[in-house]
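For reference, the chains in residue letters:
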Amino acid sequence: MQLALLARLLSVGRGVLAALRGRLGALCWSLAPLPLPLSLSLSLPGWRDSAPRPQREQEWDDAPPTPTSVNYHFTRQCNYKCGFCFHTAKTSFVLPLEEAKRGLAMLKEAGMEKINFSGGEPFIQDRGEFVGELVQFCKQELELPSVSIVSNGSLIRKQWFQKYGEYLDILAISCDSFDEDVNVLIGRRQGKKNHVENLHKLRQWCREYAVAFKINSVINRFNVEEDMNEQINALNPVRWKVFQCLLIEGENSGEDALREAEKFVISDEDFDRFLDRHKDVSCLVPESNQKMRDSYLILDEYMRFLNCRNGRKEPSKSILDVGVEAAIKFSGFDEKMFLKRGGKYVWSKADMKLDW
């Protein structure tokens, strides 16, 4: 009992120190000329300097937005090869677990209510133990209202739900087609595993372990004519997020990109036709390119906010170096669009009152 209390006190102390450290970093950064002198850096040696820096950063005059909902892409590695992927495996870097927790504590101090872990494939790191530790930390220690994961689902095991399911509010599984031949064309497959069959298995595990189930679909040239009404209604997710295929220079488009997504792109009219075909699906949440580009707060593997306003991902300085408030000024985040697209919703499973 005493050991548990001591561990709790140490955890709270680490969170307070993390927040103070972030505020000190932000103060030093605001007083220093750009770029930040190395002597003022508060990061761990051995990883910060290896991260590429943007050529140019523009400070926005408005007050910095609150990081209410944050998407943390802590790894770029993935076992799938989706042709339209816009967060590709350009590095293999992953922060040490304690540094990741320090950054998450800083975000909570700055007003974060929801964290979404993504990649790459989140379950590829330490066979899911890394993301499991972060999920438990965010729900148990930081007491965040909502903790979610986006995954392709291929590496998730039932044992993970048994260990970490109680701490997870939402599991979103990416599924772009209910035709396995189309999934193969897209690259959403590994070996002989059937992606759609695995989706149904994960749906059942979410019921068993009281995790809200969500589906993400990227609408592209290969699935835009598909009718998914019957399958989506049968799976009955809490949300079906439908994205229009998006080009990001340096990720899935351009000379230095690892993917060539141009062949997947559809027009706005194509996207609207797909949405009209599925307008009676009650859980449908559509997101066009216009809604997507500036309405997400994205942290990369170095905990840098990624600004997509210019059609490519331009990173801020890491929140671990300069604090959340200083870094978020360069995120390009459109808080009004975030609210307009319905970015804030009932996202805690305790409030969903679902029939598991």
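Up top is the structure.
How each quantity is defined
Residues numbered from 1 in each chain as written. Predicted model: local features only at pLDDT ≥ 70, side-chain atom pairs only at ≥ 80, totals over all residues. Heavy atoms only, no water. Helix = DSSP H or I, 4+ residues; strand = E, 2+ residues; numbered from the N terminus. Buried < 20%, exposed > 50% of the residue type's maximum accessible area, 1.4 Å probe, protein only. Contact = heavy atoms within 4.5 Å. Areas by Shrake-Rupley, 256 points an atom, 1.4 Å probe, with all protein chains shown as cover. Salt bridge = Lys/Arg side-chain N within 4 Å of Asp/Glu carboxyl O. Expected span 1.5 Å × (residues − 1). Arc of directions from axis to C-beta. Polar contact = N/O pair within 3.5 Å; in protein donor to acceptor, adjacent residues only side chain to side chain. Pairing = 2+ DSSP bridges. Right-handed = clockwise from strand over helix to strand, strands pointing away. Core = buried A, V, L, I, M, F, W, Y, C linked by side-chain atoms within 4.5 Å.

Trainee: Tell me about the overall build of the protein chain, and please be specific about residues and values.
Mentor: Scanning the protein chain from N- to C-terminus turns up 13 helices and 10 strands. Looking at the protein chain as a whole, 55% of its 356 residues are labelled buried. Counting only contacts in the protein chain whose residues sit at least 6 apart along the sequence, the fraction spanning at least 24 positions is 76%. Of the roughly 16700 Å² of accessible surface on the protein chain, a fraction of 51% belongs to carbon and sulfur atoms.

Trainee: Tell me about the pattern of salt bridges, residues and numbers included.
Mentor: Under the definition given, this model contains 18 salt bridges. The partner of Arg273 in a salt bridge is Glu225, and the shortest N-O contact between them spans 3.3 Å. Taken together, the residues span a long stretch of sequence, with Arg273 in helix α8 (residues 268-277) and Glu225 in the loop between β5 (212-219) and α7 (229-235) at a distance of 48 residues. The exposure class of Arg273 is partly exposed, given its relative accessible area of 38%. The closest approach of N and O atoms between Glu287 and Arg341, which form a salt bridge, is 3.2 Å. Of this pair, Glu287 sits in strand β7 (residues 284-287) while Arg341 sits in the loop between α12 (335-340) and α13 (349-352), placing them 54 residues apart in sequence. Grouping residues by exposure puts Glu287 and Arg341 together as buried. Ionic contacts of the salt-bridge type, sharing partners, join the residues Arg221, Glu225, Asp270, Arg273 and Arg277 into one network.

Trainee: Pulling in residues and values, what's your account of helix α6 (residues 195-208)?
Mentor: Here α6 contains 14 residues, and its C-alpha end-to-end distance of 20 Å stays within 8% of the 20 Å for a straight helix at 1.5 Å per residue. When we look at burial in α6, the residues that qualify are His195, Val196, Asn198, Leu199, Leu202, Arg203, Trp205 and Cys206. The buried side chains of α6 occupy one side of the element, clustering within an arc of 170° when seen end-on. For α6, the N-terminal capping position is held by Asn194, with its side-chain oxygen 3.0 Å away from the main-chain nitrogen of Val196.

Trainee: Go over the pairing of strand β6 (residues 239-244) with me, naming the residues and quoting the values.
Mentor: Within β6, six of the six residues are buried, leaving the element largely enclosed by the surrounding structure. Side chains of β6 alternate between two faces, with Arg239, Lys241 and Phe243 and Trp240, Val242 and Gln244 buried alike. One ladder, built from six bridges, connects β5 with β6; its direction is parallel. Each residue of the ladder has a partner; that of Ile219, found in β6, is Gln244. Since β5 and β6 lie parallel, the crossover through α7 that links them has a hand, and here it is right-handed. Where β6 lies against β7, four bridges are found, and the strand directions are parallel. Bridged to Lys241 within β7 is Val285. As for the winding sense of the linkage, the β-α-β connection from β6 through α8 to β7 is right-handed.

Trainee: Please set out the nonpolar core residue by residue, giving values where relevant.
Mentor: Tyr72, Leu104, Ile115, Phe117 and Trp240 are the most contacted members of the largest nonpolar core, which has 71 residues in total. Among the elements that line this core, the one with the most residues is helix α3 (residues 129-141), at six residues. With residues up to four places along the chain from it excluded, the contact list for Phe117 reads Tyr72, Phe74, Leu104, Pro122, Val131, Leu134, Val135, Cys138, Val147, Ser148, Ile149 and Val150. By size, the runner-up hydrophobic cluster in this structure holds 16 residues, among which are Phe243, Leu246, Met292 and Tyr296.

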